[in-house]
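Given next are the chains, with one letter for each unit.
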Amino acid sequence: VAFVSFALCFRYPFESEIWQQLFLNTGTGALGTIGVVILIDLSLRRHNERQRKERQLIAVEQLRKPIGHHLGLMFNMFKASVQTKPTKDYSELADLFDDEDFVQVAFLDLAQKAPMMAPERKDINWLLYMSSEAKKTIRGVREVLARYSAVLDVELVRFLEDVSNSSFMSFAKGFDLI
């Protein structure tokens, strides 16, 4: 509309100055409107992206507890299964879970006392402890997915689904049935 008005204004001379001013004003108004619409659209996109990132941060924060349960379980399993103090330096989380450590966990006696107490203050074995921790992890991850999957990256959603549906989690959560 703006370009047509400007073209008509300058391409065809009008005998009356009123027509020329009308087309100039129409073109200017249309350009201004387009500019405002573009600025509002950019502002809304920035606002929505900022809100999406804030929701992502909240979701990742909500994942600390269930992932902490899982990592605590893995660490406790490793700690209970080693016979001697490891010689390697564990400076990062990734150092803990290598092939050598998983071999050590294979020697864990699942019938022995686990490092937690049951609500009724009875000692529980590793089978029940693993079941309890697996269920906490699965429940927490699924709650985060239910609330925030729309704003999380696709890779993170897939990873969380893989964690909650992993064969280890399915295996561990079934121990309370034994």
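In this text, all values refer to a predicted model and were calculated from it rather than measured experimentally.

Student: Summarise the overall build of the chain; cite the residues concerned and give the values.
Tutor: Broken down by element type, the chain carries 7 helices and 2 strands. Seen in sequence order, the chain has helices and strands lined up from the N terminus as α-α-α-α-β-β-α-α-α. Considering only contacts in the chain between residues 6 or more positions apart, those separated by 24 or more positions represent 54%. For the chain, the accessible surface area stands at approximately 12,700 Å², while carbon and sulfur atoms represent 59% of it.

Student: Give me the packing of helix 5 (residues 126-148) against helix 6 (residues 154-164): which residues, what numbers.
Tutor: Interhelical geometry of helix 5 versus helix 6 gives an angle of 155° and a closest axis separation of 9 Å. Considered as vectors, helix 5 and helix 6 are oriented roughly antiparallel to each other. Pair helix 5 / helix 6 crosses with left-handed handedness. For the pair helix 5 and helix 6, the contacting residues are T137, I138, V141, R142 and L145 in the first and V157, L160, E161, V163 and S164 in the second. By residue class, the composition of the contact of helix 5 with helix 6 is 6 nonpolar, 2 polar and 2 charged.

Student: Tell me what's going on with the packing of aromatic side chains, and back it up with residues and numbers.
Tutor: Within the structure shown, the criterion is met by 1 aromatic pair. Where W126 meets Y129, the ring centres are 5.2 Å apart and the plane angle is 80°; that geometry is what we call edge-to-face. Of this pair, W126 and Y129 both sit in helix 5, 3 residues apart, roughly one helical turn. Judged by relative accessible area, W126 falls into the buried class, the value being 3%. Under the relative-accessibility criterion, Y129 is labelled buried at 5%.

Student: Let's hear about helix 5: which residues, and what values?
Tutor: Look at helix 5: 32 Å from first C-alpha to last across 23 residues, which is about the 33 Å you get at 1.5 Å a residue. The N-terminus of helix 5 is capped by N125, whose side-chain oxygen sits 3.1 Å from the backbone nitrogen of L127.

Student: Pulling in residues and values, what's your account of the nonpolar core?
Tutor: Formed by 19 residues in total, the largest nonpolar core has its most connected members in L73, M77, A114, W126, Y129, M130 and M169. With 6 residues, helix 5 is the single largest residue contributor to this core. For M169, the residues in contact, after removing those within four places along its chain, are H70, A134, T137, I138, V163 and S164. Counting 10 residues, the second largest nonpolar core, distinct from the first, contains L63, L145, V151 and L160.

Student: Run through the side chain of S164, naming residues and quoting values.
Tutor: Following the sequence through the fold, S164 ends up in helix 6. Judged by its relative accessible area of 4%, S164 is buried. Here S164 is in contact with I138, V141, R142 and M169, once residues within four sequence places are set aside.

Student: Could you give an account of the layout of surface pockets, naming the residues involved and the relevant values?
Tutor: Looking at the largest pocket, its volume works out to about 170 Å³. In terms of lining residues, the largest pocket is bounded by Q62, K65, P66, H69, K136, R139, G140, E143, V144 and R147. Where the lining of the largest pocket is concerned, the elements lending two or more residues are helix 2 (17-81) and helix 5. Per-element accounting of the lining of the largest pocket gives the leading share, 6 residues, to helix 5. Of the residues in the lining of the largest pocket, the class split is 2 nonpolar, 3 polar and 5 charged.

Student: Let's hear about the side chain of N76: which residues, and what values?
Tutor: You can see N76 is positioned in helix 2. Classification of N76 as buried rests on a relative accessible area of 16%. Leaving out residues up to four positions away in the same chain, N76 has contacts with P115, W126 and Y129.

Rules used throughout
- Residues numbered from 1 in each chain as written.
- Predicted model: local features only at pLDDT ≥ 70, side-chain atom pairs only at ≥ 80, totals over all residues.
- Heavy atoms only, no water.
- Helix = DSSP H or I, 4+ residues; strand = E, 2+ residues; numbered from the N terminus.
- Contact = heavy atoms within 4.5 Å.
- Areas by Shrake-Rupley, 256 points an atom, 1.4 Å probe, with all protein chains shown as cover.
- Axes fitted to C-alpha atoms, helices over the stretch in contact; angles between N-to-C directions.
- Parallel < 35°, antiparallel > 145°, perpendicular 65-115°, else oblique.
- Left-handed = near helix turned anticlockwise from the far one by under 90°.
- Nonpolar A, V, L, I, M, F, W, Y, C, P; charged D, E, K, R; others polar.
- Phe/Tyr/Trp six-rings, centres within 6.5 Å; stacked < 30°, edge-to-face > 60°.
- Buried < 20%, exposed > 50% of the residue type's maximum accessible area, 1.4 Å probe, protein only.
- Expected span 1.5 Å × (residues − 1).
- Polar contact = N/O pair within 3.5 Å; in protein donor to acceptor, adjacent residues only side chain to side chain.
- Core = buried A, V, L, I, M, F, W, Y, C linked by side-chain atoms within 4.5 Å.
- 1 Å grid on protein atoms, 1.4 Å probe; cavity = no way out; pocket = protein on both sides within 12 Å on 5 of 7 lines; lining within 4 Å.
- Points joined across faces, edges and corners; volume = space filled by probe spheres on them.

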